[in-house]
Amino acid sequence: MVGFSRGAAAAAAGLLSIYSNIQVGMTQDSGNTNAIVADGTAFTLNGDNVSYRFHVDNSTGDLRSDHFGGSLTGPIPAAAEPETQGWVGLQGRVRREFPDQGRGDFRVPAIRIRQTEGYTVSDLQYQSHSVMQGKPALPGLPATFGNEQDVSTLIVHLYDNYSAVAADLMYSVFPKNDAIVRSVNVMNKGDGAITIESLASLSVDMPYEDFDMIGLRGDWAREAHRQRRKVEYGVQGFESTTGYSSHLHNPFLSLVHPTTTESQGEAWGFSLIYTGSFRVDVEKSSQGLTRALLGFNPNQLSWKLGPGETLTSPECVSIYSKDGIGGMSRSMHRLYRNHLVKSKFAKSDRPVLLNSWEGLSFNINQSSIYRLAQESADLGAKLFVMDDGWFGDKYPRVTDNAGLGDWVPNPDRFPNGLEPLVDKVTSLKAANSSTNLRFGIWVEPEMVNPSSVLYHKHPDWVLHAGPYPRTEERNQLVLNVALTEVQDFIIDAVSNILNNSDITYVKWDNNRGIHETPSPSIDHAYMLGLYRVFETLTSRFPNVLWEGCASGGGRFDPGVLQYFPQIWTSDDTDAVERISIQLGTSLAYPPSAMGAHISAVPNQQTGRTVPVTFRGHVAMMGGSFGLELHPAELHEGEKAALPGLISLAEKVNPLVLRGDMYRLSLPEESNWPAVLFISEDGSNAVLFYFQIRANINHAAPWIKLQGLDKQAMYSVQGKGTFSGATLMNMGLQFVLEGDYSSTVVFLERQ
Ligand code: DGJ
């Protein structure tokens, strides 16, 4: 690590007063070329196609933002000094790298500290900085990781001389991913207690330009719908106050120019690595500067820091792309596949599974489960998952009003326990393969039903606020995972299940938001507890394939992905709805992380009937493909189609898991949504092309491919051999029959 302090910097720079004019030639970096250039007056982080720059303002000691966008080389022009007539002084007119409260910046601050005396003013000035290769882990929080070749880190130490509060801004750059991540450490170095009332992990101050903002909004069974709107003067944004990242809004934001499209123009993507309540604010100032902040939800923070204590914010990823929204997504996907998901399964082929939920619901016992497992094996599935309804002895889980918390098999349904059943299921062979069926199980360990042994024993383990009623949702209450004894209980209960039988997959559900909390800071304390639970269990059972779930995609966030390589994308299994949900989710998250299943028709959520081939094609665009139905209840034709769809999904899976995704045509804009996955080395690709409504007496459109090598020749299944240039500039035309028809086409570079 190389350190540098303010005095030394000023001496080195000859006390230059216009720091934004300085081109700093000092490279602190040996592994990556010029990844970080910093001398204590100006700071640059360089990716292959991105530069991020800021400097120290000489008169205030504040950090001022200079640039976040395409690569810069050489000196940069100084920003014009703004006019400061009227109420608003300089602080309110300039781009600030870490805006604090008071001192004349009337915009949303990145930090608000209630000092010991009660003031909410702070004055965090540059003090020193250090640079290192690699990236330190964040204590107790999920974060991106990489070795010394992948990533370099700059830590800028700020200090408030009036209150003895220190803040470290920790920036890491992943040059190959054009990604810069930031988190903030706030330390109380004084003698009295302070309260952190708001803290954004990332705040970027962009120059005067017009922007659109894109977010993912939704609800239960309608997650991740892309919402694009113009950034207007004033503050706009979205948040989750549910205690979790939620179905309602995702902790992801993109800023784009009004002219940016999927494939062209500048796009910035921001993604908060956090599973709790969050806030995203985008403020266009009176001067036209756009500030975006992502971090804790201030409504659920109020974090007390005693003398010597530290609060670390979650990490926020920022990506820049000049190749449109699609380019931004692909960089984010690569970063997350390689530098976020810790599981050994992050990039490995996923077993085709059959999950019992939509087929059997709560009506399960050892014989119905075994029969369903047998049918799964006969169809060629490699993993069978027993969903909700298997546990609870004194308060059996036969419907959703009892049993959560009592993680023992229901003795009426499983009189011999789970082990013999798991042994029988795991000795079944998947059809046409030598693979034995694997066994997976559903749990929801953060929750408790009042009708449970656990609740009767530990009523105080649930989140509640003194005398206020404990609001039940789905007849359940939330355990206070901030308590160490609750964390230990969950770790023991889940370990017990996994130690006692050959269960190699866990679906970890979470089916309600948090209501009454004894104090706002419990939300973050809960998250720290939950991450301890996830970290302990996933390190203890590294061979288990873990899947996150929260009534579908209620916790589809990068915090969960650190521990679980896949997440059940939505409880809506209708294939038409799923195209929007999966393509929306893919704005921020790699397709490798998405669970997607073929279910029965009419669909349980929408009542829509869609052909099985279309359902299969949509589901195989998710990294974890499966079935969620009772084969015995299918029509003959549907059942006959499943083995073929399973082997097609297995063929497609490596491209979906490890390839680059191009959203060629969007469901909200076209009757013919289309997606192309190209292998990392560019040698293979697969095209998914869908027709939602029948096309009557009208020409079929041509779909232009992207991401190919224009010089190379590609053989296109069923069409012939064409150059990349032809496929990208002219495209391919498909004439499909009827509503909900689809095709999957492989391409191979010659
Ligand atoms: C909600 C999940 O999203 C479903 O897939 C299913 O596991 C149910 N919970 C079970 O209660």
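Within each chain, residues carry numbers counting from 1 in the order of the written sequence. Two thresholds apply to this predicted model, a pLDDT of at least 70 for residue-level local features and 80 or more for giving and counting side-chain atom pairs, whereas whole-chain, interface and lining totals are computed over all residues. The side-chain figures draw on all heavy atoms in the structure; neither hydrogens nor water molecules are used.

## A word on the overall build of the protein
So the rule is basically this: Where helices and strands are cited, they refer to DSSP runs of H or I of at least four residues and of E of at least two residues respectively, numbered from the N terminus. Only C-alpha atoms enter the radius of gyration, while the globule expectation follows 2.2 Å times N to the 0.38, with N the number of residues. Each residue is placed in one exposure class: buried if its accessible area under a 1.4 Å probe, protein chains only, is under 20% of its type's maximum, exposed if it is over 50%, and partly exposed if it falls in between. Contacts were defined at the residue level, with two residues in contact if any of their heavy atoms lie within 4.5 Å. Areas reported as accessible are Shrake-Rupley estimates using a 1.4 Å probe. Residue values count occlusion only from the protein chains shown. Residues counted as positive are Lys and Arg, residues counted as negative are Asp and Glu, and His and the chain ends are not counted. Every charge is mapped onto a representative atom, which is NZ of Lys, CZ of Arg, CG of Asp or CD of Glu.
Within the protein one finds 13 helices and 39 strands. For the protein, whose C-alpha radius of gyration is 27 Å, the value lies close to the compact-globule estimate of 27 Å for 750 residues. C-alpha atoms of the protein, sized along the principal axes, occupy 80 × 70 × 45 Å. Out of the 750 residues in the protein, the part that is buried amounts to 64%. In the protein, the proportion of contacts linking residues at least 24 apart, taken out of those at least 6 apart, comes to 69%. Carbon and sulfur atoms form 49% of the exposed surface of the protein, whose accessible area is close to 26,500 Å². Of the side-chain charges in the protein, 60 are positive and 80 negative, and the distance between the mean point of each set is 3 Å.

## Notes on the site of the ligand
For clarity, the threshold we go by: We call a residue near a molecule or strand when any one of its heavy atoms sits within 4 Å of it. In protein, a polar contact means a hydrogen-donor-capable atom and an acceptor-capable atom, both N or O and within 3.5 Å, with residues adjacent in sequence counting only if both atoms are side-chain atoms; elsewhere, any N or O pair within 3.5 Å suffices. Charged means Asp, Glu, Lys or Arg here, nonpolar means Ala, Val, Leu, Ile, Met, Phe, Trp, Tyr, Cys or Pro, and polar covers whatever is left, Gly included.
The environment of the ligand is made up of 13 residues, and the closest members are Asp387, Asp388, Lys507, Asp509 and Asp571. At 2.7 Å from an oxygen atom of the ligand is found a side-chain nitrogen or oxygen belonging to Asp387. Expressed as a share of its isolated accessible area of 290 Å², the protein-covered part of the ligand is 98%. Per-class residue counts for the shell around the ligand are four nonpolar, three polar and six charged.

## Brief notes about the sheet that holds strand E5 (residues 63-69)
Short version of the rule: Strand pairing is assigned whenever DSSP detects at least two bridges linking the two strands. Helix axes are fitted only over the stretch in contact, all axes being lines through C-alpha atoms; the angle between N-to-C directions runs from 0 to 180 degrees.
Strand order in this open sheet of four strands is E2-E3-E4-E5, and the pairing throughout is antiparallel. Either end of the sheet is taken by a strand with one partner, and the two such strands are strand E2 (36-38) and E5. Sheet twist, expressed as the average angle between the axes of neighbouring strands with direction ignored, equals 10 degrees. Bridging between strand E4 (residues 51-56) and E5 involves six bridges; their strand directions are antiparallel.

## Topic: the packing of helix H7 (residues 484-500) against helix H8 (residues 522-540)
For any two helices packed against each other, the geometry comes down to the angle between their axes and how far apart the axes lie. So the rule is basically this: By the definition adopted for this analysis, an angle is roughly parallel if under 35 degrees, roughly antiparallel if over 145, roughly perpendicular if from 65 to 115, and oblique otherwise. Note on convention: the crossing is left-handed when the near helix lies turned anticlockwise from the far helix by less than a right angle, right-handed when the turn is clockwise.
Contact geometry for H7 and H8: axes closest at 10 Å, N-to-C directions at 25 degrees. On the basis of their axis angle, the class for H7 and H8 is roughly parallel. In terms of crossing hand, the pair formed by H7 and H8 is right-handed. Of the residues in H8, those in contact with Thr484, Gln487, Asp488, Ile490, Ile491, Val494 and Ser495 of H7 are Gly529, Arg532, Val533, Thr536, Leu537 and Arg540. Here the contact of H7 with H8 is built from residues that sort into five nonpolar, five polar and three charged.

## Topic: the environment of Ala699
Locating Ala699 in the fold gives a position in the loop between strand E34 (684-691) and strand E35 (702-703). Assessed through its relative accessible area of 56%, Ala699 is described here as exposed.

## Here's the deal with the packing of aromatic side chains
Applicable threshold: The pairing test for Phe, Tyr and Trp rings, Trp by its six-membered ring, is centres within 6.5 Å, and the orientation test on the planes gives stacked under 30 degrees, edge-to-face over 60, and tilted for anything in between. As a reminder, the over-ring test applies to NZ of lysine and CZ of arginine, requiring each to be within 6 Å of the ring centre and within 35 degrees of the ring normal.
What the rule picks out here adds up to 33 aromatic pairs. Consider the rings of Trp508 and Trp546, whose centres lie 6.4 Å apart with planes at 50 degrees: the pair is tilted. Residue Trp508 is located in strand E27 (residues 503-508), and its partner Trp546 is located in strand E28 (residues 545-548); the two are separated by 38 residues in the primary sequence. The ring of Tyr233 has Lys284 lying over it, and the distance from NZ or CZ to the ring centre is 4.7 Å. Cation over ring: Lys651 sits above Phe746, and NZ or CZ is 4.0 Å from the ring centre.

## A few points about the sheet that holds E34
Reading across the sheet, the six strands line up as E32-E33-E34-E39-E36-E37 and stay open at both edges, with antiparallel pairing between neighbours. The open sheet is flanked by strand E32 (660-665) and strand E37 (720-723), the only strands paired with a single partner. Sheet twist, expressed as the average angle between the axes of neighbouring strands with direction ignored, equals 25 degrees.

## Points about the UniProt feature "active site" (unreviewed entry) in the protein
The line we're drawing: UniProt positions are given in the numbering used here, feature names are shortened, and annotations may be inferred rather than shown by experiment.
Per the UniProt record, "active site" (unreviewed entry) is found at Asp509 and Asp571. Despite a sequence span of 63 residues, these residues sit close together in the fold, their greatest C-alpha distance being 11.6 Å. Accessibility expressed as a relative area gives 6% for Asp509, which makes it buried. Other than its neighbours up to four places away in sequence, Asp509 contacts Trp442, Val443, Glu444, Pro445, Glu446, Cys549, Ala550 and Ser551. At a separation of 2.9 Å, a polar atom in the side chain of Asp509 contacts the side chain of Trp442. Of the polar contacts made by the side chain of Asp571, one reaches the side chain of Trp220; its length is 3.0 Å.

## Here we look at the pairing of strand E9 (residues 165-174)
Counting buried positions along E9 yields ten of ten residues, so the element is predominantly enclosed. The two faces of E9 match: Val165, Ala167, Leu169, Tyr171 and Val173 on one face and Ala166, Asp168, Met170, Ser172 and Phe174 on the other face are all buried. Bridge count for strand E8 (residues 152-160) against E9 is nine bridges, and the pairing is antiparallel. Paired with Thr153 across the bridge in E9 is Ser172. As paired strands, E9 and strand E10 (residues 179-188) are joined by ten bridges and run antiparallel to one another. Counterpart to Val165 in the pairing with E10 is Asn188. Linking E9 back to E10 in an antiparallel pair, the connection comprises four residues, with Asp178 at a positive phi of about 50 degrees.

## Focus on H7
The criterion, for reference: To estimate how far a helix should extend, the number of its residues minus one is multiplied by 1.5 Å.
Between the first and last C-alpha of H7 there are 24 Å, a value that for 17 residues agrees with the 24 Å anticipated at 1.5 Å per step. When H7 is considered as a whole, its buried residues turn out to be Val486, Gln487, Ile490, Ile491, Ala493, Val494, Ser495, Ile497 and Leu498. Packing partners of the buried residues in H7 comprise strand E24 (438-443), E27, H8 and E28.

## Quick look at the UniProt feature "domain: Glycosyl hydrolase family 36 N-terminal" (unreviewed entry) in the protein
Taking the numbering used here, the UniProt-annotated feature "domain: Glycosyl hydrolase family 36 N-terminal" (unreviewed entry) corresponds to residues 61-305. Span residues 61-305 is 0% helix and 45% strand, its end C-alpha atoms 24 Å apart.

## Digging into the pattern of salt bridges
Basically, it comes down to this: Throughout this description, the term salt bridge denotes a Lys or Arg side-chain nitrogen within 4 Å of a carboxyl oxygen of Asp or Glu.
Considering all chains together, one arrives at 38 salt bridges under this definition. The closest approach of N and O atoms between Arg96 and Asp62, which form a salt bridge, is 3.8 Å. Here Arg96, found in the loop between E5 and strand E6 (111-114), pairs with Asp62, found in the loop between E4 and E5; they are 34 residues apart in sequence, far enough to count as distant. In terms of burial, Arg96 and Asp62 fall into one category: buried. Here Glu315 makes a salt bridge to Lys135, at a shortest N to O gap of 2.6 Å. Here Lys135 lies in the loop between strand E7 (125-133) and E8 and Glu315 lies in strand E21 (residues 315-321), a separation of 180 residues in the sequence. Lys135 carries the same exposure label as Glu315, and that label is buried.

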